[in-house]
Amino acid sequence: MASELERQMAGYGLTTAEILYHMPDHPHMLQSYVWQAYDVAPEFPEMYRFLDFWQRELDGPLHSVRYTHRRLIGPQEWHALKGELVLH
């Protein structure tokens, strides 16, 4: 698996989703779950993979999903530098 820096350089950013779902024992009540992962906008394969897992394996039916995405670093922000800083 690629390191976090390698994934960020490949276009991944941090996706945060707030998932509201119906509680299995009390379907009229909603519960909130916060999920975060590195993902690629606008396709969001990691988020959709997680939501598919949720619908397939978990008992609480989804009500809604709100999400935000932020690229933490981009190729234009990365500069390879050569040098050395010596302290003491």
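Residues numbered from 1 in each chain as written. Predicted model: local features only at pLDDT ≥ 70, side-chain atom pairs only at ≥ 80, totals over all residues. Heavy atoms only, no water.

Even after reading the chapter, I still don't get the sheet that holds strand 2 (residues 30-39), so can you show me in this structure?
Across a sheet, paired strands are connected by hydrogen bonds in the backbone, their directions being either parallel or antiparallel. Ordered in space as 2-1-3, the 3 strands form an open sheet in which the pairing is antiparallel. Strand pairing shows two members of the sheet lacking a second neighbour, strand 2 and strand 3 (62-70), which therefore form its edges. Averaged over all neighbouring strand pairs, the angle between strand axes comes to 15°, with direction disregarded. In the sheet, strand 1 (residues 13-22) pairs with strand 3 via 8 bridges, with the strands oriented antiparallel. By the bridge assignment, Thr16 is partnered in strand 3 with Thr68. (Pairing = 2+ DSSP bridges. Helix = DSSP H or I, 4+ residues; strand = E, 2+ residues; numbered from the N terminus. Axes fitted to C-alpha atoms, helices over the stretch in contact; angles between N-to-C directions.)

I'm lost on the pattern of salt bridges in this one. Help?
Side chains carrying opposite charge are able to pair once their charged atoms draw close together. By the definition in use, this model includes 3 salt bridges. For Glu18, the salt bridge identified is with Arg66, shortest N-O distance 2.9 Å. With Glu18 in strand 1 and Arg66 in strand 3, the pair connects residues that are 48 residues apart, well separated along the chain. Judged by its relative accessible area of 27%, Glu18 falls in the partly exposed class. Overall, the relative accessible area of 60% leaves Arg66 in the exposed class. Glu46 is the partner of Arg49 in a salt bridge, and the nearest nitrogen-oxygen pair spans 2.9 Å. Residue Arg49 and its partner Glu46 are both found in helix 2 (residues 45-57); the two are separated by 3 residues, about one turn of the helix. Residue Arg49 is classed as partly exposed on the basis of its relative accessible area, which comes to 49%. (Salt bridge = Lys/Arg side-chain N within 4 Å of Asp/Glu carboxyl O. Buried < 20%, exposed > 50% of the residue type's maximum accessible area, 1.4 Å probe, protein only.)

I'm lost on helix 2 in this one. Help?
Residues spaced three or four apart along an α-helix face the same direction, because each turn holds 3.6 residues. Across its 13 residues, helix 2 extends 18 Å between first and last C-alpha, which sits within 8% of the 18 Å expected from 1.5 Å per residue. Among all positions of helix 2, only Met47, Phe50, Leu51 and Trp54 are buried. Buried residues of helix 2, seen end-on, are gathered within an arc of 95° and therefore sit on one face of the element. Packing partners of the buried residues in helix 2 comprise strand 1, strand 2 and strand 3. (Expected span 1.5 Å × (residues − 1). Arc of directions from axis to C-beta. Contact = heavy atoms within 4.5 Å.)

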